[in-house]
Amino acid sequence: HLRNLNRLIVSGREITMAGVGPLLANPAVTRLKEFRSSDCWAVGPGVVAALLASASAPVLEVLGLDNTLKADPGPPLATLLGLPKLRRLYLGSNRLGDEGIASIASATPANALSLNLGFNGVTDRGGEALLAGPLLRSPGVLSGLHGNQFSDAMKAQLKAAFGDRVGVWFLASRVCQHTGRR
């Protein structure tokens, strides 16, 4: 019956890679279109390599790894953007930092993509990588960058370069920079 599994959502601090890894590695899991993990710190960055190696990688459309990775898993993270059917990638609250964002910013996605990179401790240095890299210049890419540590000048540069395709919130006032709504 694992062949019929097309959506898997795991949540909770008790979830580990020892639990998720074998399921993703099972050759019967070939139709998984959506994988989401939330608040699964114990899963860690190994889940990225497991997803890329899974039989479902070619059909994954939605990938949510919010509050799961703990840190930048390195080059495999940018490799996710090349998955042939990926349309939504949620990487919020993972402490990716400037290095992780720079890795992602240097990638060109295979498709139009909705991307959440919020609350990852990204500073202006990561913002410069986003401005320089191909990711946000790719057709159809929309990105949420809210909750990062950009200066007002960097927020203005991102807005000028990418317009409404990039959302950067002002945390102090909770006003979204690109819509003006609270």
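What this report covers is the structure whose coordinates are included nearby.

Basis of the calculations
- Residues numbered from 1 in each chain as written.
- Predicted model: local features only at pLDDT ≥ 70, side-chain atom pairs only at ≥ 80, totals over all residues.
- Heavy atoms only, no water.
- Pairing = 2+ DSSP bridges.
- Helix = DSSP H or I, 4+ residues; strand = E, 2+ residues; numbered from the N terminus.
- Core = buried A, V, L, I, M, F, W, Y, C linked by side-chain atoms within 4.5 Å.
- Buried < 20%, exposed > 50% of the residue type's maximum accessible area, 1.4 Å probe, protein only.
- Contact = heavy atoms within 4.5 Å.

### Remarks on the sheet that holds strand S2 (residues 34–38)
Line of reasoning, step 1. What the 7 strands build is an open sheet, ordered S1-S2-S3-S4-S5-S6-S7; its pairing is parallel. What marks the edges here is a single partner per strand, and that holds for strand S1 (7–11) and strand S7 (166–167).
Line of reasoning, step 2. Where strand S6 (residues 141–144) and S7 come together, 2 bridges link them in parallel fashion. Bridging from a neighbouring strand, Ser143 pairs with Val166 of S7.

### Let's talk about the nonpolar core
Line of reasoning, step 1. Judged by nonpolar contacts, the single largest core of 48 residues is most densely connected at Phe35, Val47, Leu65, Leu89, Leu91 and Leu158.
Line of reasoning, step 2. Secondary-structure elements contributing two or more residues to this core are S1, helix H1 (17–25), helix H2 (46–53), helix H3 (75–80), helix H4 (97–105), strand S5 (113–116), helix H5 (124–132) and helix H6 (152–162).
Line of reasoning, step 3. The dominant element in this core, judged by the number of residues it contributes, is H2, at 4 residues.
Line of reasoning, step 4. What Leu89 contacts, discounting residues up to four positions off in sequence, is Leu63, Leu80, Leu81, Leu113, Ser114, Leu115 and Asn116.

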